[in-house]
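# Survey of secondary and tertiary structure
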Amino acid sequence: MKISQRSTYGIMAAVDLAMQTNKAPIQAKSIARRQGIPARFLEQVLHAMKKAGLVSSLRGAQGGYVLSKKPSELSLAEILEALEGPFLSVGGLNGRGSPGRPTKSETLLAAIWDRVGTAERNVLEAITVEELAGKQRQLEQQRSLMYHI
């Protein structure tokens, strides 16, 4: 499975929003700075996430973005679907097959590719933004405890 940079940035933005404890809107430039994401690209990603209903935005000097759902209710599958489109059943063709009669290999492998796709989706649906935010907090604590000479 390949994940685009757009989706990676969307996941990191959602994790960043989940880590902010004060429920106040967070400006995109703050997220971009903390996560090392180009601000202009992040704005596009957040706009797509807003369109999908994953984040809300408020305008103005105190404006910014907030998650529309609790982090425990937002899965990676939802973010990927919002940014990449719906998961498609592979059906063995993987976009390469001809519209006519399937080849022997397509017929033989179709059920396997469907199982792989289902397994991927199940894993992505099981991982929440809250889970990733917890892991991110642990990583940040480990870094802050390191002693550098």
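Attention in this report is confined to the structure presented alongside it. (Residues numbered from 1 in each chain as written. Predicted model: local features only at pLDDT ≥ 70, side-chain atom pairs only at ≥ 80, totals over all residues. Heavy atoms only, no water.)

Attention now goes to the overall build of the protein. What the protein contains, in helices and strands, is six helices and two strands. Secondary structure of the protein in N-to-C order comes out as α-α-α-β-β-α-α-α. Expressed as a percentage of contacts within the protein between residues at least 6 apart in sequence, the contacts between residues at least 24 apart total 65%. When the accessible surface of the protein is summed, it comes to about 10100 Å², and 55% of that surface belongs to carbon and sulfur atoms. (Helix = DSSP H or I, 4+ residues; strand = E, 2+ residues; numbered from the N terminus. Contact = heavy atoms within 4.5 Å. Areas by Shrake-Rupley, 256 points an atom, 1.4 Å probe, with all protein chains shown as cover.)

Among the nonpolar cores identified, the biggest contains 31 residues, and L42, L46, M49 and I79 are the most heavily contacted of them. Put simply, the parts of the chain that give this core at least two residues each are α1 (5-19), α2 (28-35), α3 (39-51), β2 (64-67), α4 (76-84) and α6 (129-145). The dominant element in this core, judged by the number of residues it contributes, is α1, at eight residues. With residues near it in sequence (within four places) discarded, I79 still touches G10, I11, A14, L54, L74 and V129. (Core = buried A, V, L, I, M, F, W, Y, C linked by side-chain atoms within 4.5 Å. Buried < 20%, exposed > 50% of the residue type's maximum accessible area, 1.4 Å probe, protein only.)

With respect to the helices and strands, E81 occurs in helix α4. Setting aside residues up to four positions removed in sequence, E81 forms contacts with P86, F87 and R121. At 2.8 Å, the side chain of E81 forms a polar contact with the side chain of R121. (Polar contact = N/O pair within 3.5 Å; in protein donor to acceptor, adjacent residues only side chain to side chain.)

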